[in-house]
Amino acid sequence: MKKGIGLNTGDIRLVAVTEANRALVTALELAPEQRDFVADNADSLEEAGTDEDARPRVVMAGTRVVGFLMYEAPEDDDEARIYRFMIDRASQGKGHGKAALREVLGEIQGLGHISHVSICYEPENDAARNLYRSAGFVEEGLDEDGEMIAGLALPARTHEP
């Protein structure tokens with residue numbers, strides 16, 4: 001069982017966005033001081049509908065929707081990009097973000113063709129910087145939009161006979 005600080009984060013899992021959970025995803029909120037850091041979930045879901053490489057995921061804590069993330073991992077590329085990641089303001093500080101990041105990295109590694117994962121965030125978003133750094137991401141520099149790019153090399157997969 002995975003443990004966070006004083007609580008069980010083992011019930012964190014990622015599920016597909018469906019009609020049944022879509023409204024719950026769009027109702028998720030960030031704290032006011034975080035709103036400029038992440039795109040609106042409704043906009044992200046709209047984008048996912050037109051981008052065949054987008055992989056939107058709902059972050060679940062048991063039966064509760066607590067967050068949303070989206071990444072791409074094109075078959076013809078060895079790099080995956082996590083470009084949306086948020087945990088609802090009421091669920092922050094409980095280890096859900098760290099557990100969700102662990103889950104998405106496991107999902108990405110399980111695809112089999114990815115060796116590097118990148119993520120972007122606003123340079124002044126210290127909470128994101130600390131979360132990604134704790135998972136092993138290393139800052140690589142700013143992109144053309146002024147966002148920090150951080151990368152993580154995934155361990156090589158071992159093939160069992």
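Here the structure is shown first, and the text comes after it.
Figured I'd write up the structure that's included with this text. (Residues numbered from 1 in each chain as written. Predicted model: local features only at pLDDT ≥ 70, side-chain atom pairs only at ≥ 80, totals over all residues. Heavy atoms only, no water.)

### Some details on the overall build of the protein chain
Applied cut-off: Helix and strand assignments come from DSSP, with helices taken as H or I runs of at least 4 residues and strands as E runs of at least 2, each series counted from the N terminus. Throughout, radius of gyration means the C-alpha value; the globule benchmark is 2.2 Å times the number of residues raised to the power 0.38. Between buried and exposed lies partly exposed: a residue is buried under 20% and exposed over 50% of the maximum accessible area for its type, with that area taken using a 1.4 Å probe on protein chains only.
Counting its secondary structure elements, the protein chain contains four helices and seven strands. Sequence-ordered secondary structure for the protein chain, helices as α and strands as β, is β-α-α-β-β-β-α-β-α-β-β. For 161 residues, the compact-globule formula gives about 15 Å, and the C-alpha radius of gyration of the protein chain, at 15 Å, lands near that figure. When each of the 161 residues of the protein chain is scored for burial, the buried share is 40%.

### Remarks on the packing of helix α1 (residues 19–27) against helix α2 (residues 41–50)
In plain terms, the rule: Only the stretch in contact is used when a helix axis is fitted, and all axes are lines through C-alpha atoms; the angle between N-to-C directions ranges over 0 to 180 degrees. If an angle is under 35 degrees, it is roughly parallel; if it is over 145, roughly antiparallel; if it lies from 65 to 115, roughly perpendicular; otherwise it is oblique. The contact criterion used throughout is that any non-hydrogen atoms of two residues lie within 4.5 Å.
Where α1 meets α2, the closest approach of the two axes is 8 Å, and the angle between their N-to-C directions is 135 degrees. One way to sum up the angle between α1 and α2 is to call them oblique. Two secondary-structure elements touch here, α1 through R22, V25 and T26 and α2 through N41, A42, L45 and E46.

### Some remarks on the pairing of strand β2 (residues 54–61)
Condition: Strands pair, by our definition, only if DSSP identifies at least two bridges between them.
The buried fraction of β2 amounts to eight of the eight residues, a majority that puts the element mostly inside the structure. Burial of the side chains of β2 extends over both faces: A54, P56, V58 and M60 are buried on one face and R55, R57, V59 and A61 on the other. With five bridges joining them, strand β1 (residues 12–16) and β2 adopt antiparallel strand pairing. Counterpart to R13 in the pairing with β2 is M60. Note that β2 and strand β3 (residues 64–72) share eight bridges and pair antiparallel. Looking across to β3, one finds that M60 is bridged to V65. Where β2 folds back on β3, the antiparallel hairpin that results is connected by two residues, among which G62 adopts a positive phi of roughly 65 degrees.

As far as function goes, none of this settles anything; it's purely spatial.
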